[in-house]
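Take a look at the letters that make up each chain.
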Amino acid sequence: VYSLPKYNFIYENYGIYDLHDALRFIASALEKVNAENEHYIAHISPDRFMVLTVDEEDQIISVLKQAMNDFNRLIDEYNTTSKKDFFIETISGFTVAAKGWKDDLDSYLQYAGNEMYKNQLRTASTETVKHAKIGKDQYSTFLYLLDNSLFTYHFQPIVDAKTGSIFGYEALM
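This one's a predicted model, so the numbers in the text were calculated from it and none came from an experiment.

A word on the side chain of His39. As for its placement among the helices and strands, His39 is situated in strand E2 (residues 38-45). The exposure class assigned to His39 is buried, which follows from its relative accessible area of 17%. Within the local environment of His39, its side chain forms a polar contact with the side chain of Glu31, the two groups lying 3.4 Å apart. A distance of 2.8 Å separates a polar atom in the side chain of His39 from the backbone oxygen of Asn34. Apart from the residues lying within four places of it in its own chain, the contact partners of His39 are Glu31, Asn34, Val51, Leu52 and Thr53.

We now examine the packing of helix H2 (residues 16-33) against helix H3 (residues 60-81). It is at 9 Å that the axes of H2 and H3 come closest, and there the two elements cross at 140°. One way to sum up the angle between H2 and H3 is to call them oblique. H2 and H3 meet at a crossing whose hand is right-handed. In contact with Phe25, Ile26, Ala29, Leu30, Lys32 and Val33 of H2, H3 contributes Ala67, Asp70, Phe71, Leu74, Ile75 and Tyr78. Here the contact of H2 with H3 is composed, by residue class, of 10 nonpolar, no polar and two charged.

With six bridges connecting them, strand E5 (residues 154-159) and strand E6 (residues 166-172) associate as antiparallel partners. Residue pairing in the sheet places Pro157 in a bridge with Tyr169 of E6. Adjacent in sequence and paired antiparallel, E5 and E6 are bridged by six residues, among which Gly164 carries a positive phi angle near 80°.

Scanning the entire structure with this criterion turns up four salt bridges. Between Asp18 and Lys84 there is a salt bridge, with its nearest N and O atoms 2.5 Å apart. Taken as a pair, Asp18 in helix H2 and Lys84 in the loop between H3 and strand E4 (91-92) lie far apart in primary sequence, 66 residues in all. One salt bridge connects Asp21 with Lys84, and the closest N-O pair in it is separated by 3.2 Å.

The rules behind each value
Residues numbered from 1 in each chain as written. Predicted model: local features only at pLDDT ≥ 70, side-chain atom pairs only at ≥ 80, totals over all residues. Heavy atoms only, no water. Helix = DSSP H or I, 4+ residues; strand = E, 2+ residues; numbered from the N terminus. Buried < 20%, exposed > 50% of the residue type's maximum accessible area, 1.4 Å probe, protein only. Polar contact = N/O pair within 3.5 Å; in protein donor to acceptor, adjacent residues only side chain to side chain. Contact = heavy atoms within 4.5 Å. Axes fitted to C-alpha atoms, helices over the stretch in contact; angles between N-to-C directions. Parallel < 35°, antiparallel > 145°, perpendicular 65-115°, else oblique. Left-handed = near helix turned anticlockwise from the far one by under 90°. Nonpolar A, V, L, I, M, F, W, Y, C, P; charged D, E, K, R; others polar. Pairing = 2+ DSSP bridges. Salt bridge = Lys/Arg side-chain N within 4 Å of Asp/Glu carboxyl O.

Pasting the structure below:
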């Protein structure tokens, strides 16, 4: 299972076309790194892809690790050569189904998803944006708002759902 954890960030900040470009790149990279193996690739949720690879049991782990390494190399190349203002970051995880396992795709996805989540916890997140682009006008506007105390503050109550009593406030600006 391969995930694009910055899916919403790319969509909200750069739009659907850049998001689709990133997803198409991921799909083609997965196809490329798995070309030598019998495999099936599926886009299983907005931010996740699944690759089902079929190989001999004693060779499958090295095949999967090689495919993941090759995939990560392609992502790194994309990030260094792309003219996009953002990085593509992916998280992956896999599981191997040995003889005797229940032939259930949902179980495979769950196990691989769990491994992906563990890998996400092990790795620190990288930068999302290649370089900040704050224009002179935007910065001047921000300074003007700050210098003239033009920000408005509101305090929203946080209510206990059981008792209806206020037990705190959220400060909004």
